[in-house]
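Descriptive structure summary
One letter stands for each residue in the lines below.
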Amino acid sequence: MIINVIGLGYIGLPTALILAACDNNVFGTDYNKVLVSKLNQGEVTFDEVGIKELFEAATRKYIKFSSEYIKTNFYIIAVPTPYDKISKKIDPSYVVKAVNNILDVCEKDSIIVIESTISPGTINKYIRPIINEKNQSINGTINVVHAPERIIPGNMIYELRHNSRTIGADNAKTGEIVKKVYSSFCNGEIIITDIRTAEMTKVVENTFRDINIAFANELAKICASDEMNVYEIIRIANKHPRVNILSPGPGVGGHCISVDPWFLVGDYPGLANIILTARRINDSMPEYVLERIHDIMKEKNMTDLSRIGLYGLTYKENVDDTRESPSLQLIDSIKKHLGSALKSYDPFVKSSIVENQYHNFNLFLDNIDLIVIMVSHDEIKNNIGLLKGKIVFDTKNICNIDGIYKL
Ligand code: SAJ
């Protein structure tokens, strides 16, 4: 059996690689020909701990990359599922397109596993009808399965091997076949359930984290308004055996936690109330950081915006992913309000994606008086000494130096 993995991005590529490394025959498909050609030349297309080694292990076994879909009976889809910014509903078009392309070539008894995050009901609404139609026309038994991914950027390879997994299937037989494939690389518990439960569970997991972070961010605002130290309060509160508050920050980025809760808001307006409020609180954080920058400038008699630098452009530490990044939202907002772009620097962002972006840490520091730490990359954590003499606004609570400003 050859497993055809569709979509070779942040989820599809590591999944394809680990499957191959664990002795499955893998064919990776991506419509992006540039990406495919890079992979075929042995170039790993994004930074992630352990991915280069995994790539080498996979290529010693059986793995091919192409823009074609192949005829087989096991497919895994890991393409993006964006949301419509206005209706807040999921945009299933990439998944639907992948399923249609598979149906054009697959065997009569295929299993199509969807790993992409989808809102509850997406399979029934958009996928099942096209599969049913195909089954009728070829007298086939093609089955769809939802096995949402759970891996966290920065620790993906470890989590692929160790996290528990959910497999949503229509019948036990299909669930067991998929479970067998996933157990070739995953040591975690693999739970078989129905499709709608799997869809909902995935969205619920990310929504839980979003709400918890929103609570921490709201506490940060309350504490700042009345001169209390939010970090000390959370640290002590978390000593309670049943309390686990996450950390406040400059906003929630990435393509998961800042997106998935909107699916519930879009599908259940009027019911998804805490979820909506949490989204709004987290989305307000870049603007809040901007207000705080204003206050600090006033206090320090600073007027020159060009002497302010944002450290970090990615959505979180030690990754190169800038999707929905709070820093980029802040830069946009300053441009809108004040017409100028702040200086910025990120060791993981090698190409220039914003105006006034530096590629050398020391040069960046030489040209600013106020540094706003937006991302806690190891580089800055290990070089706090270099910030001596600067005004520091640390939104990530990574350093404790005299006169520092925090959220
Ligand atoms: N953040 C905070 N405070 C915190 C933790 C995170 O402000 O205490 C911010 C981060 O800085 C970042 C954002 O939240 O901007 C999201 O980062 P994250 O590390 O919490 O999560 P993601 O988006 O990288 O990955 C999440 C994970 N989901 C959960 O932890 C429930 C991952 O397991 C999922 O696979 C992934 O979403 C996904 O693809 O759905």
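So, how was this worked out
- Residues numbered from 1 in each chain as written.
- Predicted model: local features only at pLDDT ≥ 70, side-chain atom pairs only at ≥ 80, totals over all residues.
- Heavy atoms only, no water.
- Helix = DSSP H or I, 4+ residues; strand = E, 2+ residues; numbered from the N terminus.
- Buried < 20%, exposed > 50% of the residue type's maximum accessible area, 1.4 Å probe, protein only.
- Contact = heavy atoms within 4.5 Å.
- Areas by Shrake-Rupley, 256 points an atom, 1.4 Å probe, with all protein chains shown as cover.
- Near = heavy atom within 4 Å.
- Polar contact = N/O pair within 3.5 Å; in protein donor to acceptor, adjacent residues only side chain to side chain.
- Nonpolar A, V, L, I, M, F, W, Y, C, P; charged D, E, K, R; others polar.
- Salt bridge = Lys/Arg side-chain N within 4 Å of Asp/Glu carboxyl O.
- Patch = residues over 30% accessible without salt bridge, like charges linked within 9 Å, V, L, I, M, F, W, Y side chains within 5 Å.
- Pairing = 2+ DSSP bridges.
- Right-handed = clockwise from strand over helix to strand, strands pointing away.
- Core = buried A, V, L, I, M, F, W, Y, C linked by side-chain atoms within 4.5 Å.

Check the secondary structure of the protein chain and you find 14 helices and 14 strands. Split into buried and exposed, the 407 residues of the protein chain put 52% on the buried side. Across the protein chain, the fraction of contacts at a sequence separation of at least 24, relative to all contacts at a separation of at least 6, is 69%. Of the roughly 18900 Å² of accessible surface on the protein chain, 50% is carried by carbon and sulfur atoms.

Another aspect to go through is the site of the ligand. Among the 20 residues in the neighbourhood of the ligand, the closest are listed as Glu149, Arg150, Lys202, Asn206 and Tyr315. The separation between an oxygen atom of the ligand and a polar main-chain atom of Arg150 is 2.6 Å. Here the residues of the shell around the ligand sort into nine nonpolar, four polar and seven charged.

Attention shifts here to the environment of Ile192. Assignment of secondary structure puts Ile192 in strand E8 (residues 190–193). C-alpha separation for the pair Ile192 and Gly140, spaced 52 residues apart in sequence, amounts to 23 Å. Filtering out sequence-adjacent residues up to four positions away, Ile192 remains in contact with Ile167, Gly175, Glu176 and Lys179.

In this structure the tally under the stated criterion is twelve salt bridges. Residue Asp23 pairs with Lys61 through a salt bridge whose shortest N-O separation is 3.0 Å. With Asp23 in the loop between helix H1 (12–21) and strand E2 (25–29) and Lys61 in the loop between helix H3 (51–59) and strand E3 (63–66), the pair connects residues that are 38 residues apart, well separated along the chain. Among the residues examined, Asp23 registers a relative accessible area of 59% and is labelled exposed. Here Lys61 falls in the partly exposed class, since its relative accessible area comes to 42%. The partner of Lys89 in a salt bridge is Asp267, with the nearest N and O atoms 3.7 Å apart. Of this pair, Lys89 sits in the loop between strand E4 (74–77) and helix H4 (93–105) while Asp267 sits in helix H10 (residues 260–267), and the two are 178 residues apart along the sequence. Connected through salt bridges with shared partners, the residues Asp210, Arg279 and Asp283 form a single ionic network.

On to a nonpolar patch on the surface. Taken together, Ile222, Met228 and Ile233 make up a surface patch of nonpolar side chains, about 250 Å² in accessible area. Position of Ile233 relative to the elements: it lies in helix H9 (residues 230–237). On the basis of relative accessibility, which here comes to 38%, the residue Ile233 falls in the partly exposed class.

Burial along strand E7 (residues 165–168) is two-sided: the face carrying Arg165 and Ile167 and the face carrying Thr166 and Gly168 are both buried. Of the strand pairs in this sheet, E7 and E8 are connected by four bridges, and their pairing is parallel. Looking at the pairing, Ile167 lines up with Ile192 of E8. Regarding topology, helix H7 (residues 172–182) serves as the crossover connection from E7 to the parallel E8, and that connection is right-handed.

With that settled, the discussion passes to the nonpolar core. In this structure, Leu17, Phe65 and Val113 are the most contacted members of the largest nonpolar core, which totals 42 residues. Here this core takes seven residues from H1, the largest share from any one element. Filtering out sequence-adjacent residues up to four positions away, Leu17 remains in contact with Ile51, Leu54, Phe55, Ala58, Ile63 and Phe65. Core analysis: the second largest hydrophobic core is formed by 33 residues, Leu219, Met285, Ile296 and Ile391 among them.

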